Amino acid sequence: MSPAHGRPEAGEIPRPLTLDWLNAAAAGPALAALDGLYEHSPWIAAAALQQRPFTSLAQLKHAMVGVVRTSGRDAQLALVRAHPELAGKAAVAGALTAESTHEQAAAGLNHCTPEEFAQVQRLNAAYGERFGWPFVMAVRGARGTGLHRRQIIATLERRLQGHPELELAECLRQIDRIAEIRLNDKFGVTPVLGDRVWDWAEQLAVHTDPGYGERGELTVTYLTEAHRACAAQLQAWMRDDCGFDEVRIDAVGNVVGVYHGAAATGSPHPGPLPGGEGVERHAPASTGSGSDSLAPASGERAGVRGTPRRLLTGSHYDTVRNGGKYDGRIGILVPMACVRELHRAGRRLPFDVEVIGFAEEEGQRYKATFLGSGAVIGHFDPTWLDQQDADGVTMRAAMQTAGLPATLEAIAAEARDAARYFGFVEVHIEQGPVLNELDLPLGVVSSINGSLRYLGEVSGVASHAGTTPMNRRRDAATAVAELALYVEQRAAAAPHLVGTVGMLEVPNGSINVVPGRCRFSLDIRSTTNEVRDAMAADVRDRLAEICKRRGLAYRLEETVRAAAAPSDAAWQRRWEAAVAATGLPVHHLPSGAGHDAMKLHEVMPQAMLFVRGENAGISHNPLESTTADDMQLAVEAFMHLLGTLSRDTP
C-alpha cells in the first residue's frame, strides 16, 4: 500500500515516511516520525520500534497493536482516558490534538445542530458515568473518509449498553484503528484496492427486497428483483470494468466470469507486472507480496499445450433477512479486483481464473441451501423446482420470470468437470469474534465444521401451576432446559465443538400452567464428523434419560447432516504463504459456519481465507463490517496466491 520513495538525507524525516527510512533511522528521529499515532502515548511507538526492521506497513501496525495488548490494564485504561470526548469540552475549547481536531471535523462533529450537540453531551455523560472512561470511536470509519454524525450518535447509544470488559476491549480496538488511519496518512498510502472492494459492496447493498429497504435493511433472496439487479451489476463490473473474457448468468442465476490464461489467449509471453495505478504502487513497501508475487513463472511460457486448467473461486451474493453487506460478497469482489489489476496490466497467468457469484447459499426464499454451488457440482435436487415460497410462487416460476430456462437439462449442463480445476478457494468474512479478539486482519481456515441439526419435542402433562406439587409435575419445558444446559456443558468440554439449542417454544403456554409440551432445536458442529457424532449420541442418550426420569415422552428428528470439510493441505500452505507475505502472523481457525466451499469440497480440493469482522465479528446482522485496510490485505493475499500457483503450474 505504500509508494516507493528515494532514501532521504541523514537526519531528515521524509514526508511521506518510508519503511526503509524508518528501519534505518536512529531511535529519536524514528520515534519523532511516529508522533501522534496514539493520543499522548508515545510509549507505544517506542516499544514497537524495538522490533525493527519491519517488512511491511501491516507488520508495523500489528507490532503497535501487540504493545497495547500486552501493556496491562492500568496502561490500557490510561490510554483510553487520554482520548477526548467526541464533540466534548476539549473540542469546544479548541484543546484537541491536531489529529483529533482533523478527525472530528471530518465527521462533521463541529457542525452538530444544537439538538445533536445536546444529545452527544448527554450520551457522553452517561457513558463516562457507566464505564469510567470516555467513549472512543474511529470516526473516520471503515473506509477512512469519515462517518456521519448520525452514525456516530447511533453507535454511542448502542455501545452505552455494553458490558464494561467488552467495551474496554472495543475502545482499544477503535484506538488501534485510529492509529492505523493516522499511520496511513504518515506514509502517504491509500488502500486503493480495499477501497474498491468496499465501494463495490456498498453499491451492491443498494439493492434490497421490498419492505426492507424502507427500513434501511438489506435482504436479497433468490431471484427477487433485487437479486436480479445484483446479478446484473456483478455481470456489468466483470465485463466492463474488470476485463473478464467470458461473463454470463447461468441456468440457476449464478454470475460466472472467466479470465483466460496465456495458453487460451495464445499469448506468447506473460504481460508486464501490474504497476502504475495497480497493485505494485499500492502494495506494502519491501514486502515481497502483492505484485512481487506475480513474477514470471517457469510454467508461463509460449507453447503451453492442452486444455487450460482453471482455478475456481467465488462466493454467494444472496443474503439472510436484515443481513450484512459482506457475508459472501467479498468472496466475489476480492478476486474480481485481482482480475481487474491483471487485465489493466495486460497480464495473463498460466491458467484460467473462474469467478462465480453463487446465486443462492442462505436458503431464505426456498429450502434449497447451496443451490448455486450445488448446481455447479451437479447436485441440484429436482424437487426444488416445485417448492413454493411464502407467496406460493414455485421456484420454476421464479426462474422463468427471471428469464432462466427452468429445465433440469439446462441446470444439469452447468455441472463442472472437476478434473479441469486445480481446486476452489474462497475469501469470506469470518462471521465470528476470533480474529477481532486476536487483532489479526486475516486467518487461514483449517476446516469447515460438519453439522447436525435436529427438531425435537418433549411431551408431558399441562397442569395448574398453583395446585400441582413440584414432585408431581411432568414439565416438558424444564426437561428441555435441563437438556440445553447439558448441551452447553458437553460442547464446552471438547475443542472445536459447539452445540446450540436455538429455538424453544411452549405451544399455547400460559403464566399459570405447567408446560405440557416444549419444542426445541438442536445444532451440533465440529471440525470432524466423529467428534460431532459422538456428541450427538451423548445428547440423545441424555434426552432419553431425562425424559425417563421425569415421566415424559419425546421425539427427535434429524433435519440436516453436513459433512466436515477439512481444508486441503497444499492450498492451506498457499494461503499461509500469502498471509505471511503481508508481514502478518499466520493464524489457523475452523469455520463454524457453512460456506459454498463445503459443496465444492465434495468434488475438488478447497481452502478458505477469513477476513476479520468489526463489531466483535458479528454477522447475519446490519452491524456486520470490515475495513478497507483489511480488504486490501485480502486482495494482496489473493494476488500472492495467484503468483504462487503460477510458479507451481508446469
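Notes on the structure in this doc start here. Nothing here was measured: the structure is a model prediction, and the numbers come from that model.

This part is about the nonpolar core. Counting 79 residues, the largest nonpolar core has Met336, Met395, Met399, Trp575 and Leu642 as the members making the most contacts within it. With ten residues, the top contributor of residues to this core is helix 24 (residues 628–648). Leu109, Trp133, Leu156 and Ala179 belong to the second-largest nonpolar core, a separate cluster that totals 54 residues.

Tallied over the entire structure, the rule returns five cavities of 30 Å³ or more. Looking at the largest cavity, its volume works out to about 270 Å³. In terms of lining residues, the largest cavity is bounded by 19 residues, among which Val65, Asp176, Arg177, Glu180 and Arg612 are the most central. Here the lining of the largest cavity is composed, by residue class, of eight nonpolar, three polar and eight charged. Taken as a whole, the second largest cavity encloses approximately 160 Å³ of empty space. Considering the residues around the second largest cavity, the lining is formed by 16 residues, among which Leu86, Ser100, Glu103, Met137 and Ile178 are closest to the centre. Elements represented by at least two residues in the lining of the second largest cavity include exactly helix 7 (98–106) and helix 10 (164–187). Of the residues belonging to the lining of the second largest cavity, the class tally is nine nonpolar, three polar and four charged.

Let's shift gears to the packing of aromatic side chains. Per the counting criterion, the structure on display carries eight aromatic pairs. Joined through ring pairs, the aromatic side chains of Tyr127, Phe131, Trp133 and Phe135 make up one cluster. Seen from the ring of Tyr259, Arg348 lies directly overhead, with NZ or CZ sitting 4.3 Å from the centre.

Let us now look at the packing of helix 5 (residues 73–81) against helix 10. The contact between helix 5 and helix 10 brings their axes to 10 Å, and the two run at 65°. In terms of crossing hand, the pair formed by helix 5 and helix 10 is left-handed. On the side of helix 5, the interface is formed by Arg73, Gln76, Leu77, Leu79 and Val80, while helix 10 contributes Glu165, Leu168, Cys171, Leu172 and Ile175.

This next bit is on the packing of helix 20 (residues 476–492) against helix 21 (residues 529–550). At a closest axis distance of 10 Å, the pairing of helix 20 and helix 21 adopts a crossing angle of 150°. The orientation of helix 20 with respect to helix 21, classified from their angle, is roughly antiparallel. Helix-helix and strand crossings are classified by hand; for helix 20 and helix 21 the assignment is right-handed. Residue-level contacts link Thr478, Ala479, Glu482, Leu483, Tyr486, Val487, Arg490 and Ala491 of helix 20 to Ala534, Met535, Asp538, Val539, Arg542, Leu543, Ile546, Arg549 and Arg550 of helix 21. For the contact of helix 20 with helix 21, the class distribution of residues is ten nonpolar, one polar and six charged.

Let us look at unusual backbone geometry. Backbone geometry follows two general trends: most residues other than glycine have a negative phi, and most peptide bonds adopt the trans configuration. A cis amide bond, omega 0°, links Arg15 with the succeeding residue Pro16. Residue Pro53 follows Arg52 across a cis peptide bond; omega there is 5°. In this structure, Pro53 sits in the loop between helix 3 (42–49) and helix 4 (57–69). In the Ramachandran plot, Ala406 falls in the positive-phi region, its phi being about 60° despite a non-glycine side chain. The class of Ala406 is buried, set by a relative accessible area of 6%.

What counts as what
- Residues numbered from 1 in each chain as written.
- Predicted model: local features only at pLDDT ≥ 70, side-chain atom pairs only at ≥ 80, totals over all residues.
- Heavy atoms only, no water.
- Core = buried A, V, L, I, M, F, W, Y, C linked by side-chain atoms within 4.5 Å.
- Buried < 20%, exposed > 50% of the residue type's maximum accessible area, 1.4 Å probe, protein only.
- Helix = DSSP H or I, 4+ residues; strand = E, 2+ residues; numbered from the N terminus.
- 1 Å grid on protein atoms, 1.4 Å probe; cavity = no way out; pocket = protein on both sides within 12 Å on 5 of 7 lines; lining within 4 Å.
- Points joined across faces, edges and corners; volume = space filled by probe spheres on them.
- Nonpolar A, V, L, I, M, F, W, Y, C, P; charged D, E, K, R; others polar.
- Phe/Tyr/Trp six-rings, centres within 6.5 Å; stacked < 30°, edge-to-face > 60°.
- Lys NZ or Arg CZ within 6 Å of the ring centre and 35° of its normal.
- Axes fitted to C-alpha atoms, helices over the stretch in contact; angles between N-to-C directions.
- Left-handed = near helix turned anticlockwise from the far one by under 90°.
- Contact = heavy atoms within 4.5 Å.
- Parallel < 35°, antiparallel > 145°, perpendicular 65-115°, else oblique.

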